[in-house]
Structure formats: C-alpha cells, structure tokens
Amino acid sequence: MSFTLAGVTRRYTVPGDRPWRRVVRTALDGLDLEVPAGRDLAVVGASGSGKSTLLRVLLALEAPEAGTVRFRGEVVTPRRPGALRRAVGVVAQDPGSSLDPRLPVGASLREPLECAGVPGDHGERVAELLDAVGLDPAVADRRPAAFSGGERQRIALARALATRPAVLVADEPFSAVDPTTRRRLVTLVGHLARASGTRLLLVSHDLGIAQRLCADVAVLAAGRVVETGPIDDVLARPSADATRALLDAVLGVEVP
Ligand SMILES: Nc1ncnc2c1ncn2[C@@H]1O[C@H](COP(=O)(O)OP(=O)(O)OP(=O)(O)O)[C@@H](O)[C@H]1O
Ligand SMILES: [Mg+2]
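Summarised in this report is the structure supplied together with it. For every chain, the first residue of its written sequence is number 1, and the numbers climb from 1 along that sequence. To label them, take the chains in the order written and letter them from A, then take the ligands in the order written and number them from 1. Reporting in this predicted model follows two pLDDT cut-offs: at least 70 for local features of residues, and 80 or more for side-chain atom pairs to be given and counted; totals over whole chains, interfaces and linings ignore these cut-offs and use all residues. The side-chain figures draw on all heavy atoms in the structure; neither hydrogens nor water molecules are used.

A look at the site of ligand 1
Throughout, the term near means that a residue has one or more heavy atoms lying within 4 Å of the molecule or strand in question. Taken together, the neighbourhood of ligand 1 is formed by 15 residues, with Ser 47, Gly 48, Lys 51, Ser 52 and Thr 53 sitting nearest. Taking Ser 52, its side chain carries an N or O atom lying 2.9 Å from an oxygen atom of ligand 1. Look at ligand 1: alone it shows 630 Å² of surface, and the protein chains cover 70% of it. Elements supplying a minimum of two residues to the shell around ligand 1: strand 1 (3–15), strand 2 (22–35) and helix 1 (51–58). Each polar contact in these results corresponds to two N or O atoms within 3.5 Å; when the atoms are within protein, one needs to be able to donate a hydrogen and the other to accept it, and residues that are neighboring in sequence are counted only if both atoms are side-chain atoms. To measure how exposed things are, a 1.4 Å probe is used in the Shrake-Rupley method; for residues, cover is taken only from the protein chains shown. Starting at the N terminus, helices and strands are each numbered in turn, a helix being any DSSP run of H or I of at least four residues and a strand any DSSP run of E of at least two.

Now the structure itself:
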C-alpha cells in the first residue's frame, strides 16, 4: 500500500459575516482512502469537495485534526514526513506560478536534485528533462517570464519528475492551458510516467483526462470518498450521486 488515510478530518476556521464571528469549514470529514502501490489514481469531485485539501494532507504539508495518514505503512506528519518527500514529485494547482520567477528555469530544475543530495552539477539531467518535455535545452538560462503558460506547466512537470519519484502527485495540472496544449500535456505525462516507472495520483475536474491516465478513481463529495474502484467500471455504473452529477455535467444528459 502506498498511501492509507483513515478517518481523516481537516477543518478550517474562516471569518464569518461579523468581525467577531468565525465559521468552521470541514474540508475533509472522516475520510478513508487506500491508494495501492503500483496503481494510478485519479481523485475527482465537484469544486469544494476537498480534493486539494486531500492532497495537502496526504503529502503531510498540513496535519489533519483527526485521523492518520500513512505512507508505505508509516504514519507521516508535517514534522516527520519520513520517506514521503523523496518518493514524491508534486505539481501544484496552477503549476506555472509554482516556479520561482527570479530563477532561470535550469536552476529550478536543479533544485530538487540538490535537495535530494544527488551529486554532480546536473547539467546533463537538466538538458534531458527539458528535452523530455519538448523544450530546447538551450532555454535553461531563461526565467519563467520568457515562457508561455503551457511551457511553464511543462517545466513544472519536468521539475516534479527530476528525481524520478515513485509517485507524481498533481493537482489539476492541465487546467490553465488551451485544449490542444492540454491534450499534448496529458499524453506527455502518460509517456514520462511510464518511462520513469512513476505512478500517478492526479486531481482532475476532467473525467476524460482521469480515465486516460489512471486505472482507478476515487470520487469525493463533501470531504469524503463516496465511491472508488476501477475508473471504467465506476464511470459505466456509477453508484454515488456525486459520480452521476459529474457524468451529467460532462455528457449534458441525465445518467440513470
Ligand atoms: N486554506 C483554507 N482556508 C479556509 N478554507 C479552506 C482552505 N482550504 C480549503 N478550504 C475550504 O475547504 C473546502 C474544500 O476545499 P478544496 O480546496 O480542498 O476543494 P477542491 O475540491 O480542491 O476544489 P476545486 O475543485 O475548486 O479546486 C472548501 O469549502 C474550501 O473553501
Ligand atoms: Mg482544488
């Protein structure tokens, strides 16, 4: 098992409609999820269902108020992430903006390798990574502002894959680009993950993309996993209302 979440609750306290009022939002509500090793999982669900929160908790970037997150059987927390950080590459929601604007992209690609203590100057690996995402290695000395949104997404992807992580965790990595670029990026992610033996854990609004890249799906609604299993089966025979609603939205028809 790679990730196991048991009874995970994450709440946020936000300002209410009066200065002295506070509203508690339950983003994850006793969520259970098992992500088997060697499988690709898509996490889908309506906006606000808790997908991004799930990723932050699963990556031990935030601690839940209740429940446990395990990675390869070990409990992980923000203070003790164990083997997690090294095993996982992350592409954030709006990945283009996750690159440091002051750094040449070559330096951004080198950074995870340095953090992981990989020896050498990484020049070759940086060139290889840029080439893998379809960019000319000569662009390594340019800053992010010199690239288009789609190119920045590819660079963010290259960065996440730099250390050949066991798992690539990506939050809507294809949302900020046009449909043609999106199609290319989806194909690219599939190829790169397969080439490096990296498993995918992907949040997506887009059921088509989820189905294309992942064999399994977990459907979130109101901070819980309401349905999970092989994605082809779940989409063909949805059992949860939330899954039907997502399918309705795609097909524009009622799913019985
Ligand atoms: N840092 C935060 N502070 C306050 N509330 C938050 C925070 N993060 C999430 N929430 C709330 O928790 C709920 C779940 O949010 P989350 O971002 O996980 O949803 P999501 O499924 O990723 O949505 P989207 O598809 O729009 O990205 C929402 O009600 C949101 O407003
Ligand atoms: Mg989100």
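Moving on, there is more to tell.
Observations regarding the sheet that holds strand 2
Should DSSP find at least two bridges between two strands, the strands are taken to pair. Spatially, four strands are ordered 2-1-4-5 in an open sheet, and the strand pairing comes out antiparallel. Either end of the sheet is taken by a strand with one partner, and the two such strands are strand 2 and strand 5 (74–75). Whether two residues touch is decided by their heavy atoms; if any such pair falls within 4.5 Å, the residues are in contact. To get an axis, fit a line to the C-alpha atoms, keeping to the stretch in contact for a helix; angles then go from 0 to 180 degrees between the N-to-C directions. Its contacts with the sheet put helix 1 on strand 1, strand 2 and strand 4 (66–71), and the angle it makes with strand 1 is roughly 120 degrees.

Here's the deal with the pairing of strand 3 (residues 41–45)
Each residue's exposure class comes from its accessible area (1.4 Å probe, protein chains only) as a fraction of the maximum for that residue type: buried when under 20%, exposed when over 50%, partly exposed otherwise. Among the five residues of strand 3, five are classified as buried, and the element is accordingly described as predominantly covered. Because side chains alternate across strand 3, one face comprises the buried residues Leu 41, Val 43 and Gly 45, and the other comprises Ala 42 and Val 44, equally buried. Note: strand 3 against strand 8 (residues 199–203), three bridges, orientation parallel. Pairing of Leu 41 across the sheet is with Leu 201, part of strand 8. Relative to strand 9 (residues 216–221), strand 3 runs parallel, the two sharing five bridges. Directly across from Ala 42, in strand 9, lies its bridge partner Val 217.

Quick notes on the side chain of His 122
Relative to the assigned elements, His 122 resides in the loop between helix 3 (105–115) and helix 4 (123–132). Residue class for His 122 comes out buried when judged on its relative accessible area of 7%. For His 122, the contacting residues outside a window of four places in its chain are Arg 110, Leu 113 and Glu 114.

These figures capture arrangement, not role.
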